Amino acid sequence: MDNILEKEIIDFIETEYWKSNLHSDSDIFETVRISGDDCYELIEKFSKKYDVDISNFLWYFHHEEEGSWNSIGGVFYKSPDKLVKRIPITPKMLAKFAETKKWEINYPYHQLPEKRKDILFNKIVLIITVILAIIGFIINVL
């Protein structure tokens, strides 16, 4: 693998975020300490910079969902990233993808639920909260 390209990718990542002592085999998201939308944005920027087709990138294998720590529904139902085994992304992998111009990870067989119960639960809680607030407002006005 081209060590120059790996170094360039490490510099790119550390310019986008911060110096983090990344190495060729470092787990990028773990080492840089980013999660959620920041991870996806990094992959998108990488894709544009190196013209890599990321159409088969499955985020939930690589990082947690944005705001998963504060999801009420997440207490009762797992988000996609909690249903699969995590696969680290390294600068060495990104260098390979930059050379081939394709996101080349053969993800293991998995089946996600058709509907996100955690999100549905959150919506129901929000609706109930709004209804109770409206009822409380009406009672106070009368």
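Everything below is about the structure printed above this text.
Everything numeric in this text was worked out from a predicted model, so none of it was measured. (Residues numbered from 1 in each chain as written. Predicted model: local features only at pLDDT ≥ 70, side-chain atom pairs only at ≥ 80, totals over all residues. Heavy atoms only, no water.)

**Remarks on the overall build of the protein**
Working step 1: The helix and strand tally for the protein stands at six helices and zero strands.
Working step 2: Taking all contacts inside the protein whose residues are at least 6 apart in sequence as the whole, residues at least 24 apart take part in 68%.
Working step 3: Here the protein displays about 9,500 Å² of accessible surface, and carbon together with sulfur accounts for 58% of that area. (Helix = DSSP H or I, 4+ residues; strand = E, 2+ residues; numbered from the N terminus. Contact = heavy atoms within 4.5 Å. Areas by Shrake-Rupley, 256 points an atom, 1.4 Å probe, with all protein chains shown as cover.)

**Focus on the side chain of serine 47**
Working step 1: The residue serine 47 is located in helix H3 (residues 37-50) in this model.
Working step 2: The class of serine 47 is buried, set by a relative accessible area of 13%.
Working step 3: If we ignore the near neighbours within four places in the chain, the residues touching serine 47 are Val52 and Ile54. (Buried < 20%, exposed > 50% of the residue type's maximum accessible area, 1.4 Å probe, protein only.)

**A look at the packing of aromatic side chains**
Aromatic rings considered in pairs are described by the distance between their centres and by the relative angle of their planes.
Working step 1: Inspection of every chain in the model, using the stated rule, returns nine aromatic pairs.
Working step 2: Among the aromatic residues, those joined into a cluster by ring pairs are Tyr40, Phe57, Phe97 and Trp103. (Phe/Tyr/Trp six-rings, centres within 6.5 Å; stacked < 30°, edge-to-face > 60°.)

**Observations concerning the nonpolar core**
Working step 1: Core analysis: the biggest nonpolar cluster contains 30 residues, and Ile9, Ile13, Ile28, Phe46, Leu94 and Trp103 have the highest contact counts within it.
Working step 2: Among the elements of the structure, helix H1 (3-16), helix H2 (28-32), H3 and helix H5 (91-100) are those that each provide at least two residues to this core.
Working step 3: Ignoring sequence-local partners within four residues, the contact set of isoleucine 13 consists of Trp18, Leu22, Ile28, Val32, Leu42 and Leu94. (Core = buried A, V, L, I, M, F, W, Y, C linked by side-chain atoms within 4.5 Å.)

**What to know about the packing of H1 against H3**
Working step 1: Orientation of H1 relative to H3, taken along the N-to-C sense of each, is 135°, at an axis distance of 11 Å. Between H1 and H3, the angle falls in the class oblique. Crossing angle aside, the handedness with which H1 passes H3 is right-handed. Contacts between H1 and H3 pair Leu5, Glu8, Ile9, Phe12, Ile13 and Glu16 from the former with Leu42, Lys45, Phe46, Lys49 and Tyr50 from the latter.
Working step 2: Partitioning the contact of H1 with H3 into residue classes produces seven nonpolar, no polar and four charged. (Axes fitted to C-alpha atoms, helices over the stretch in contact; angles between N-to-C directions. Parallel < 35°, antiparallel > 145°, perpendicular 65-115°, else oblique. Left-handed = near helix turned anticlockwise from the far one by under 90°. Nonpolar A, V, L, I, M, F, W, Y, C, P; charged D, E, K, R; others polar.)

**Let's talk about unusual backbone geometry**
Working step 1: The phi dihedral of asparagine 21 is positive, around 65°, even though this residue is not glycine.
Working step 2: Considering the arrangement of structural elements, one finds asparagine 21 in the loop between H1 and H2.

**Quick word on the side chain of glutamate 14**
Working step 1: Mapped onto the elements of the fold, glutamate 14 is located in helix H1.
Working step 2: Separated by 3.3 Å, the side chains of glutamate 14 and lysine 19 make a polar contact. (Polar contact = N/O pair within 3.5 Å; in protein donor to acceptor, adjacent residues only side chain to side chain.)

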